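Descriptive structure summary
Each chain, letter by letter, is given below.
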Amino acid sequence: MKNKIILCFLLISLSLSILGQDIQRLKYFKQTTSFQVDQMPYGANDEAGYYVKSGDAKIYYEIYGKGEPLVLLHGGIAGSTFEMGELINRLSPNYQVIAISTRGHGKSELGTEPHTYEQKAKDVIAVLDEVTKDSVTVFGFSDGGYTGYFLAGMFPERVKKMVILGAAETHIGDYKMNVKVSDMMELDKAYWAQQLSLMPEPERLQEMFDKVSDAISKLEISTDFFATIKCPVLVMAGNHDQFLSTQRVVNASKMIPNAELAIIPDCSHGVFLENFPAVWACLVPFLNE
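Because the structure is predicted, anything quoted here is derived from the model rather than measured.

Side note on the pairing of strand 1 (residues 49-54)
- Pairing of strand 1 with strand 2 (residues 57-64), which is carried by 6 bridges, proceeds in the antiparallel orientation. By the bridge assignment, G49 is partnered in strand 2 with E62.
- Between strand 1 and strand 2, which pair antiparallel in sequence order, lie 2 residues; one of them, G55, sits at a positive phi of approximately 60°.

With respect to the layout of surface pockets
- Counted as a void, the largest pocket has a volume near 690 Å³.
- What lines the largest pocket is a set of 28 residues, and nearest its centre among them are G76, A78, F141, F243 and H269.
- Secondary-structure elements contributing two or more residues to the lining of the largest pocket are helix 4 (143-154), helix 5 (181-187), helix 7 (205-217) and helix 10 (271-274).
- Split into classes, the residues belonging to the lining of the largest pocket amount to 15 nonpolar, 9 polar and 4 charged.

Quick word on the sheet that holds strand 2
- The sheet built from 8 strands is open, its strands ordered 1-2-4-3-5-6-7-8 with mixed pairing. Among the strands making up the open sheet, the edge pair consists of strand 1 and strand 8 (259-264). Here the strands of the sheet are splayed against their neighbours by 20° on average, with no regard to which way each runs.
- Summarising the sheet, strand 3 (residues 68-73) and strand 4 (residues 95-100) pair through 6 bridges and their orientation is parallel. Within the sheet, the bridge partner assigned to P69 lies in strand 4 and is Q96.
- Helix-sheet contacts for helix 3 (residues 117-131) involve strand 1, strand 2, strand 3, strand 4 and strand 5 (136-141), and the interaxial angle to strand 1 is about 125°.
- Together, strand 7 (233-238) and strand 8 form the strand contacts of helix 9 (residues 246-255), whose direction differs from that of strand 8 by roughly 160°.

Some thoughts on the confidence of the model for the protein
- Per-residue pLDDT for the protein averages 91, and the proportion of residues at 70 or more is 90%.
- Contacts for the low-pLDDT stretch residues 4-9, under 50 throughout, to residues beyond four places or in other chains number 3 contacts.
- Segment residues 14-22 is flagged for pLDDT under 50; beyond a separation of four residues in sequence, or across chains, it makes 9 contacts in the model.

Some remarks on the pattern of salt bridges
- With the rule as written, the count across this model stands at 14 salt bridges.
- Note that K160 is salt-bridged to E68, the shortest N-O span being 3.4 Å. Residue K160 is located in strand 6 (residues 159-165), and its partner E68 is located in strand 3; the two are separated by 92 residues in the primary sequence.
- Judged by relative accessible area, which is 44%, E68 ranks as partly exposed.
- Two residues, E207 and R204, come together in a salt bridge whose shortest N-O distance is 2.8 Å.
- Connected through salt bridges with shared partners, the residues E201, R204, E207 and K211 form a single ionic network.

Conventions we followed
Residues numbered from 1 in each chain as written. Predicted model: local features only at pLDDT ≥ 70, side-chain atom pairs only at ≥ 80, totals over all residues. Heavy atoms only, no water. Pairing = 2+ DSSP bridges. Helix = DSSP H or I, 4+ residues; strand = E, 2+ residues; numbered from the N terminus. 1 Å grid on protein atoms, 1.4 Å probe; cavity = no way out; pocket = protein on both sides within 12 Å on 5 of 7 lines; lining within 4 Å. Points joined across faces, edges and corners; volume = space filled by probe spheres on them. Nonpolar A, V, L, I, M, F, W, Y, C, P; charged D, E, K, R; others polar. Axes fitted to C-alpha atoms, helices over the stretch in contact; angles between N-to-C directions. Contact = heavy atoms within 4.5 Å. pLDDT = per-residue confidence, 0-100. Salt bridge = Lys/Arg side-chain N within 4 Å of Asp/Glu carboxyl O. Buried < 20%, exposed > 50% of the residue type's maximum accessible area, 1.4 Å probe, protein only.

Below, the structure is given as structure tokens:
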């Protein structure tokens with residue numbers, strides 16, 4: 001009870017700290033580059049935002065551009081639609097970009113059902129059922145990449161091709177995460193203040209951390225699972241990814257029947273934030289095939 005009281009006090013204090021600030025000036029987690037005055041508030045743009053009911057939660061998504069549908073799935077824990085901003089900028093002139101906020105992140109509800117990648121894949125399908133009847137291209141980063149794998153395995157008819165960044169062969173226990181609100185706040189108070197202002201249930205932030213951590217700790221994605229993915233997949237990662245060895249990324253590319261591989265040098269997990277031109281140079285030829 002004492003910990004819950006402290007957490008609530010912390011959340012209220014942070015929420016109050018951003019009153020009077022411009023929520024349109026969003027940032028992604030640990031962003032070090034300067035804010036752009038004209039940057040679209042991806043993830044908090046009422047003009048482009050929609051909700052759909054998926055099981056026990058309302059899922060928030062935004063739509064930009066016209067053309068073939070392309071789904072963007074951001075990272076987990078500290079991930080947000082805003083981190084996908086440059087991708088949306090570049091893709092929306094030629095695609096209908098569908099940027100989904102994962103349950104518990106941004107403006108999406110967390111729900112009460114078990115937090116699994118099967119459920120996250122169903123969340124994506126709930127959005128797609130509202131937006132398009134066509135099969136889609138998927139770009140998934142990290143936690144969003146694992147959701148992409150499950151989406152393609154469970155609903156192969158809905159996925160045309162995928163780009164998966166920072167998600168690869170994984171076995172139960174590979175990830176042992178113990179993420180605490182207090183620790184994350186210390187890393188980037190401004191980011192979490194903004195996210196708490198968007199969340200429909202900010203008091204459940206620690207619960208979201210725990211659910212995502214538990215889901216990934218139980219993840220088993222290897223030969224048998226990858227064999228179910230029939231669409232073309234571009235598997236990408238930085239060669240210094242702190243969560244994945246390069247070998248595990250290579251393994252995934254070999255286990256997926258129709259896969260290509262791109263390893264970006266001198267980059268860590270957030271490779272598309274560190275060297276976007278390199279990621280874009282790999283992405284375009286694959287999308288145009």
